[in-house]
Amino acid sequence: MGKIKEQAQWIVFGLIIGIIVGVLEVIFGRVLLFVTGVRQTYFMWLIFFLPFVGIFIEWLYQTYGKESKKGITLLFEVGQDTREVIPLRLIPIVTLSTWLTHLFGGSAGREGVAIQIGGTFTNWFTEKIWNRFLPNYGKKQQIVLVTGMAAGFAGLFHTPIAATFFAMEILVVGTLSIESLLSASIAAVTSSYVSQLLGLTVFSSTISVVPKLTVGLVGILCLFGIVFGLVGRLFSIGLKKVKQWVQAISLSQYKKVFLLSIVLMIGLIIVGKGRYSGLGSNLVEAAFNQGTVYSYDFILKLIFTIFTLAIGFQGGEVTPLFSIGATCGVLLANLFGLPIEFVASLGFVSVFSSATNTIIGPLFIAGEIFGFELIPYAFFTIVLAYLVNGNDSIYSKQKV
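Definitions and cut-offs
- Residues numbered from 1 in each chain as written.
- Predicted model: local features only at pLDDT ≥ 70, side-chain atom pairs only at ≥ 80, totals over all residues.
- Heavy atoms only, no water.
- Helix = DSSP H or I, 4+ residues; strand = E, 2+ residues; numbered from the N terminus.
- Rg over C-alpha atoms; globule rule 2.2 N^0.38 Å.
- Buried < 20%, exposed > 50% of the residue type's maximum accessible area, 1.4 Å probe, protein only.
- Disulfide = S-S within 2.5 Å.
- Lys, Arg positive; Asp, Glu negative; His and termini not counted.
- Salt bridge = Lys/Arg side-chain N within 4 Å of Asp/Glu carboxyl O.
- Contact = heavy atoms within 4.5 Å.
- Phe/Tyr/Trp six-rings, centres within 6.5 Å; stacked < 30°, edge-to-face > 60°.

Undergrad: Before we go on, may I ask you to explain the overall build of the protein chain in this structure?
TA: The helix and strand tally for the protein chain stands at 17 helices and zero strands. Taken over the C-alpha trace, the protein chain has a radius of gyration of 20 Å; the compact-globule value for 400 residues is 21 Å, and the two agree within 12%. In terms of principal-axis extent, the alpha carbons of the protein chain reach across some 60 × 55 × 40 Å. For the protein chain, buried positions account for 58% of its 400 residues.

And the structure:
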């Protein structure tokens, strides 16, 4: 009876977290879509304020954020039992900073914020509320955190299966937090349902043409996996190195942010006039809807995203990684004469797999976004991408 009672409590916990985090993700996501629309309409006016926004975000973190500037690193520290509490102020600060980054033209994602919202709220809820009724849950930090992260990811992307396994495998490479499965899956499904119910729209696509899986095609898929893996690894290493370079510049933090933001601003204006700003959803849409995709789109999106995040603007890496992978896939599809949507979808999930050092989550993303008939093909590209990434993850605190 004791085991059944505990499982029932985790189910209730997952439901509560899923509902609340789902609502929070809808608020975050809908505002983000709104500011993205405003930026696309008035890009040439808004982009000139980017350096001043960079200074404001730096001031915000220095004045009110304090250790919140560590962002998703705080979640890894809790999940790995080196920290107990994540400051709740992280949520409004990272949310506002991300909205501003996107409104004024920065190249960044959103999943980092979604995961931070889910993990931070769940940590606070457990410490301040849940433990008053059911004590000792705070001692199960990893289960609590994984539950919140799964809810955050699912609420924003509507991929509850992928969100569950991504949250379970992200903390320690090669290890699944199996004990988190019950509450994380309940929270992810609930959050995804709430998000859809409240009208948050996300990208999805059905691959209309899937080639026959032959020995020859398997060889090509393995080659694609190596390429996608190297691209993901380039992103991870590049982000780390550019952050180190920015930190080493001997200027005050405000001067550093302002001057580098001017460089970013000029680059975004000259190269594509905002084509590489924001999430990269425009590139994803082009890849899957016969739009214009240039052979250099993936590398330019990679560069601008790395530079944006290294300077100190907020957001995430995953959605840009999706766009980088999809546009790289378009290039490979044209080179090998394969269906564009098919290879773009493989790049979409495989570059993400490489850069995050995960394998099961990306595999389920392939199924939930593009259709589960894609999984046998994605298996080869994801496995190869995962194997060639050399454990170079965008998450510096991920245990190897």
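Undergrad: Would you take a moment to explain the state of the cysteines for this structure?
TA: Should the sulfur atoms of two cysteines be covalently bonded, the bond is a disulfide. In this structure the tally under the stated criterion is zero disulfides. Cysteine 222 takes part in no disulfide bond, and the closest cysteine sulfur to it belongs to cysteine 328, at a distance of 16 Å.

Undergrad: How do you make sense of the side chain of arginine 39 when you look at a structure like this?
TA: Looking at the element boundaries, arginine 39 is found in helix H1 (residues 2-41). Buried and unpaired, arginine 39 has no salt bridge, with glutamate 285 as the nearest side chain of opposite charge at 13 Å. Ignoring sequence-local partners within four residues, the contact set of arginine 39 consists of Leu46, His102, Leu103, Gly105, Ser277 and Gly278.

Undergrad: I tried to follow the packing of aromatic side chains on my own but got confused; where do I start?
TA: Aromatic ring pairs are described here by two measures, namely the spacing of the ring centres and the angle between the planes. Inspection of the entire model under this criterion finds 28 aromatic pairs. Summarising the aromatic geometry, the rings of phenylalanine 166 and phenylalanine 352 are spaced 5.4 Å apart at their centres and angled 35 degrees between planes, so their arrangement reads as tilted. Of the two residues, phenylalanine 166 sits in helix H8 (residues 160-169) while phenylalanine 352 sits in helix H15 (residues 340-356), which places them 186 residues apart along the sequence. The residues phenylalanine 166 and phenylalanine 352 share a single accessibility class, namely buried. Between phenylalanine 322 and phenylalanine 348, the ring centres sit 4.1 Å apart and the planes meet at 10 degrees, which makes this aromatic pair stacked. Of this pair, phenylalanine 322 sits in helix H14 (residues 318-336) while phenylalanine 348 is found in helix H15, placing the two residues 26 residues apart along the sequence. Classification of phenylalanine 348 as buried rests on a relative accessible area of 3%.

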